[in-house]
Amino acid sequence: MKKKFYIIISVLLIACSTTTKKSNQKLEDIPFIPLAQEIKSSNSFLLANDLSSIQIKVKSERINVALNDFKKFWKEQTSYEIPINSSVNDNLKSIKLELSPNSETSKEFYQLRINEKGIEIKSNSEEGLYRGLTTLKQVVIFSDIKNNIKTFSTGIITDFTSYEYRGSMMDVARHFFDVEDVKRYIDVLSLYKFNFLHLHLSDDQGWRIEINKWPKLTTIGGEKEVGGTNGGFYTQEEYKELVNYAHNKFITIIPEIDVPGHTNAALASYSELNCDGISPKIYTGTEVGFSSLCAQRKETYTFLKDVVNEISLLTKGPYFHIGGDESYKTSKEDFIQIIDSVISYVHNNNKIPITWDNEVKNAEIAQFWNLTGSDLIALKKSKKIIYSPANKAYLDMKYDSLSKFGLNWAGYSSVKNAYEWDPKIIATQLNLNEIDILGIEAPIWSETISSFDELAYLVFPRLLGHSEIGWTSNENRKWEAYIQRLEKHKIYLKSINIESPY
Ligand code: TNX
C-alpha cells in the first residue's frame, strides 16, 4: 500500500515538473522554420480559448481565403471555434490583422505581437500579412498544451525575407502528378514561406498542359510517362484552378516549356515539327539530350508562339521558363535562333523569360544548376540568377547509397549537405558577385518517383532547409540548432501523413 502511495506521488511530481517546465516555454523556443529574423520573448502567456475572434480591417480576397483556412486550422489545433469579424474592437482579446503603411520595410516584412490582450499581425502588404499568418500557424502547432488548452508565450517577432524568390520545382513531365498532388505540395510550400512553384510541364516523356491550337500534344504527347505507364495532363481549366489555388496561398506558379531539346513528346505528336517530317516514337526511358525542335521549319515558330501565347494567358505571375537545357542535338546556331524567337514571344506577352544556365542566351534570368564549359558565359549574360546548384538543391539526389528513390549524378545529398549552402558564397566562387541573386529554387525531378508519397520521400525533410536558406539571414542559420527544430517539424509532417526517411 505504502509503495503504491509513493509511486502515485512520484508520478504526480514528475507530471507537475513537466507542466512547470512546459509553462516556461518562451516564444523563441518555438521551432520556427524558416527561423524568423528577430524574436523577443516576454514573460507572459495567452490562452487559446481567451481569443474570441479574428478581426480584419483589410479588404482582400486572398486574405479572406487565408483566414477561412486559418479558422479551420485553429479548430483542428485548439478545438475552439474562432469567428472572423470585419470590424476591430480593441476591448476584445482577438487575433488582429492590420495593413500599416511603412515605406521603409520590404514587401514581405511583418511584425507579429503576442501579449496578454491578444495577437496582432501588421505589415505594409498582403504578402507580409500572409507570411505572418504562417508564422502564427507554427506558433499554434508547436505551443505547449496546459490543462488541455494551447498556451501561447508572449513576445514580438519582427521578420522579413533574405531573398525575394524562394521556389521549388515539380517535374510533372517524367511522371505526371495530378491536381490534388500539386495542391498538396502547394499547401506545404506555403507553410514554409515559399513564394514560387515552377512546374516543368513538358519533356521528352510527356506534354502535360492542354494547348487548344495543338490538341495532339496532350492526346498523344501526354498519354504516357517514364516506364510506359499512363501519364496525364492538365486541361486549361485545371491549370487555372492550380494557378488560383497557389495565388491564394501567395505562391506564383511559373510554367516551363522546355525547348529546343527535351521535346520528344511534342515531336511525337506532330510530324511537321521534325526536320525529316517523321514523328519519333513516344519515349518512356530516362536518357536526356537526344531530341530537338527543327530551327529550319516555320511550323516550329508557329507552334512556339501559340504555346507561349496560350500559356501566358493562364499565367498570373511575371515569369515564363523556356528551358534551354541539354540541347545536345541542336547546333549552336539553331539553338540561338530558336531561343531568341521564344524569348521574343515571351516578351510579347509581357512576361520575363527564365532559362536554365546552359549555353549562350539572352534571357534576363538564368537558373544556375550545373556548370559546364560555356554555361558561365550564359550566366554572365543574365541580369539575375536563381540558384539551384544540383549538388545542394536538387531534391531528386539520393540522400546516400541506401535511398529507395533518386539519382546520384550530382552526388549524394544528406539533410546536412542540403542545409549548408549559401548562394552568396557560390556567387563569389564563380565570380558572379555583380549579378543579382534573385533567390533560390529546389527542384524535384521525377524520373524515379511516381506518387506523392515517393515524392515526399525525397523532398522531406530537405525542402525545409532550402526554405530557411531563402528566408533567414545566413548569420542566423546554424546546423546544430536547425536539426533540433527540424525534429519537431518531422513530427508535425508525420501528423499530416508526410513521412520523411531521414
Ligand atoms: C538534369 S537540371 C536535368 C533534368 C533531369 C535532372 C535529373 C536540368 C536543367 N536538366 O533533365 O531530370 O538532371 O536530376
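Starting afresh in each chain, residues are numbered from 1 along the sequence in its written order. Where totals are concerned, whole chains, interfaces and linings use all residues; where local detail is concerned, this predicted model gives features only for residues with pLDDT of at least 70, and gives and counts side-chain atom pairs only at 80 or more. Side-chain numbers here rest on the full set of heavy atoms in the structure, without hydrogens or water.

Labels follow the DSSP assignment, with helices taken as runs of H or I lasting at least four residues and strands as runs of E lasting at least two, numbered in each case from the N terminus. Within the protein chain one finds 16 helices and 18 strands. Radius of gyration here is computed from C-alpha atoms only, and the compact-globule reference equals 2.2 Å multiplied by the residue count raised to the power 0.38. Computed over C-alpha atoms, the radius of gyration of the protein chain comes to 25 Å, within 12% of the 23 Å expected from 2.2 N^0.38 for 502 residues, which places it in the range of a compact globule. In terms of principal-axis extent, the alpha carbons of the protein chain reach across some 90 × 55 × 45 Å. Taking all 502 residues of the protein chain together, 56% fall into the buried category. Contacts are residue-level and defined by heavy atoms, with any inter-residue pair within 4.5 Å sufficient. In the protein chain, once contacts between residues fewer than 6 apart in sequence are set aside, the share between residues at least 24 apart is 74%. Areas reported here follow the Shrake-Rupley algorithm with a probe of radius 1.4 Å; residue values treat only the protein chains shown as occluding. Accessible area for the protein chain stands at about 21,200 Å²; split by element, carbon and sulfur atoms hold 51% of it. Averaging the coordinates of the 59 positive side-chain charges in the protein chain and doing the same for the 64 negative ones gives two points 8 Å apart. Categorising residues by exposure relies on relative accessible area from a 1.4 Å probe, with only protein chains included: less than 20% of the type maximum marks a residue as buried, more than 50% marks it as exposed, and the intermediate range marks it as partly exposed. In this tally Asp and Glu are treated as negative and Lys and Arg as positive; neither His nor the chain ends contributes. A charged residue contributes its charge at one atom only: NZ of Lys, CZ of Arg, CG of Asp or CD of Glu.

Let us now look at the packing of aromatic side chains. Any pair of Phe, Tyr and Trp rings, taking the six-membered ring for Trp, is counted once the centres come within 6.5 Å. Such a pair is stacked with planes under 30 degrees apart, edge-to-face with planes over 60 apart, and tilted for the rest. Counted by the stated rule, this structure contains 27 aromatic pairs. Between phenylalanine 70 and phenylalanine 73, the ring centres sit 5.7 Å apart and the planes meet at 40°, which makes this aromatic pair tilted. Pair noted here: phenylalanine 70 and phenylalanine 73 are both in helix α2 (residues 61-78), with a separation of three residues, about one helical turn. Overall, the relative accessible area of 8% leaves phenylalanine 73 in the buried class. Measuring from centroid to centroid gives 5.2 Å for tryptophan 214 and phenylalanine 303, while their planes differ by 80°, and the two rings are edge-to-face. Note that tryptophan 214 is positioned in the loop between β12 (206-207) and α5 (216-219) and phenylalanine 303 in helix α8 (residues 298-313), a separation of 89 residues in sequence. Working rule: Lys NZ or Arg CZ, within 6 Å of ring centre, within 35 degrees of ring normal, means a charge sits over the ring. Its guanidinium or amino end placed over the ring of phenylalanine 250, arginine 62 lies 3.9 Å from that ring's centre, counting from NZ or CZ.

For glutamate 441, the location among the structural elements is in strand β18 (residues 436-444). For glutamate 441, a relative accessible area of 1% gives the class buried.

Let's shift gears to the confidence of the model for the protein chain. Note on scores: pLDDT gives the predictor's confidence for each residue, bounded by 0 and 100. For the protein chain, mean pLDDT is 93; residues scoring 70 or higher make up 95% of the total. The model gives residues 11-22 a pLDDT under 50, and that stretch makes two contacts with residues more than four places away or in other chains.

What follows concerns the site of the ligand. Any residue with at least one heavy atom within 4 Å of a molecule or strand is counted as near it. Taken together, the neighbourhood of the ligand is formed by 14 residues, with Arg174, Tyr394, Asp396, Trp409 and Glu447 sitting nearest. Two N or O atoms form a polar contact when they lie within 3.5 Å of each other; inside protein one atom must be a possible hydrogen donor and the other a possible acceptor, and for residues adjacent in sequence the pair counts only when both atoms belong to side chains. The contact in question runs from an oxygen atom of the ligand to an N or O atom on the side chain of aspartate 396, over 2.6 Å. A total of 360 Å² of accessible area belongs to the ligand in isolation, and the protein chains cover 98% of it. Residues are grouped as follows: Ala, Val, Leu, Ile, Met, Phe, Trp, Tyr, Cys and Pro are nonpolar; Asp, Glu, Lys and Arg are charged; all remaining types, including Gly, are polar. The residue inventory of the shell around the ligand, partitioned by class, reads eight nonpolar, one polar and five charged.

Here a cavity denotes a set of grid points, spaced 1 Å apart and computed over the protein atoms alone, in which a 1.4 Å probe fits but from which it cannot get out, and a pocket denotes an open set meeting protein on both sides within 12 Å along at least five of seven lines; residues with an atom within 4 Å of a point are reported as lining. Grid points are joined across faces, edges and corners, and a volume is the space filled by probe spheres set on the points. Looking at the largest pocket, its volume works out to about 580 Å³. Secondary structure elements with two or more residues in the lining of the largest pocket: α2, α3 (126-142), α4 (179-191) and α16 (479-495). Of all the elements, α2 adds the most residues to the lining of the largest pocket, at seven residues. Grouping the constituent residues of the lining of the largest pocket by class yields ten nonpolar, four polar and seven charged. Estimates place the volume of the second largest pocket at around 410 Å³. Considering the residues around the second largest pocket, the lining is formed by 21 residues, among which Lys107, Glu127, Asn195, Phe196 and Thr252 are closest to the centre. Among the elements of the structure, α3, α6 (236-248) and β13 (252-259) are those that each provide at least two residues to the lining of the second largest pocket. Partitioning the lining of the second largest pocket into residue classes produces eight nonpolar, six polar and seven charged.

By definition, a disulfide links two cysteine residues through a covalent bond between their sulfur atoms. For this text, the term disulfide refers to a pair of cysteine sulfurs within 2.5 Å. Here the structure, examined in full by the defined rule, presents one disulfide. Between cysteine 275 and cysteine 294 runs a disulfide, and the two sulfur atoms are separated by 2.0 Å. Its torsion about the S-S bond being 95°, the disulfide of cysteine 275 and cysteine 294 is classed as right-handed. On the criterion of sequence distance, the pair formed by cysteine 275 in the loop between α7 (264-269) and α8 and cysteine 294 in the loop between α7 and α8 is long-range, its members being 19 residues apart. Here cysteine 294 falls in the buried class, since its relative accessible area comes to 2%.

Below, the discussion takes up the side chain of arginine 485. Inspection of the secondary structure assignment puts arginine 485 in helix α16. Side-chain polar atoms of arginine 485 contact the side chain of glutamate 468, separated by 2.8 Å. Those residues within four positions of arginine 485 in sequence are excluded, and the remaining contacts are Pro31, Phe32, Ile33, Leu35, Tyr419 and Glu468.

Turning our eyes to something else, we now look at the pairing of strand β17 (residues 384-387). Two strands are counted as paired when DSSP detects at least two bridges linking them. In terms of strand pairing, strand β16 (residues 365-368) meets β17 through four bridges, oriented parallel. In the sheet register, isoleucine 365 faces β17, and the bridge partner there is lysine 384. The pairing of β17 with β18 spans four bridges and is classified as parallel. For tyrosine 387, the partnering residue across the bridge sits in β18 and is isoleucine 440.

An expected span of 1.5 Å times one less than the residue number is assigned to each helix. Compared with an ideal rise of 1.5 Å per residue, which puts 17 residues at 24 Å, helix α9 (residues 332-348) spans 24 Å between its outermost C-alpha atoms and is within 8% of the ideal. The set of residues buried in α9 consists of Asp334, Phe335, Ile338, Ile339, Ser341, Val342, Ile343, Tyr345 and Val346. For α9, the secondary structure elements touched by its buried residues are β13, α8, β14 (319-323) and β15 (352-356).

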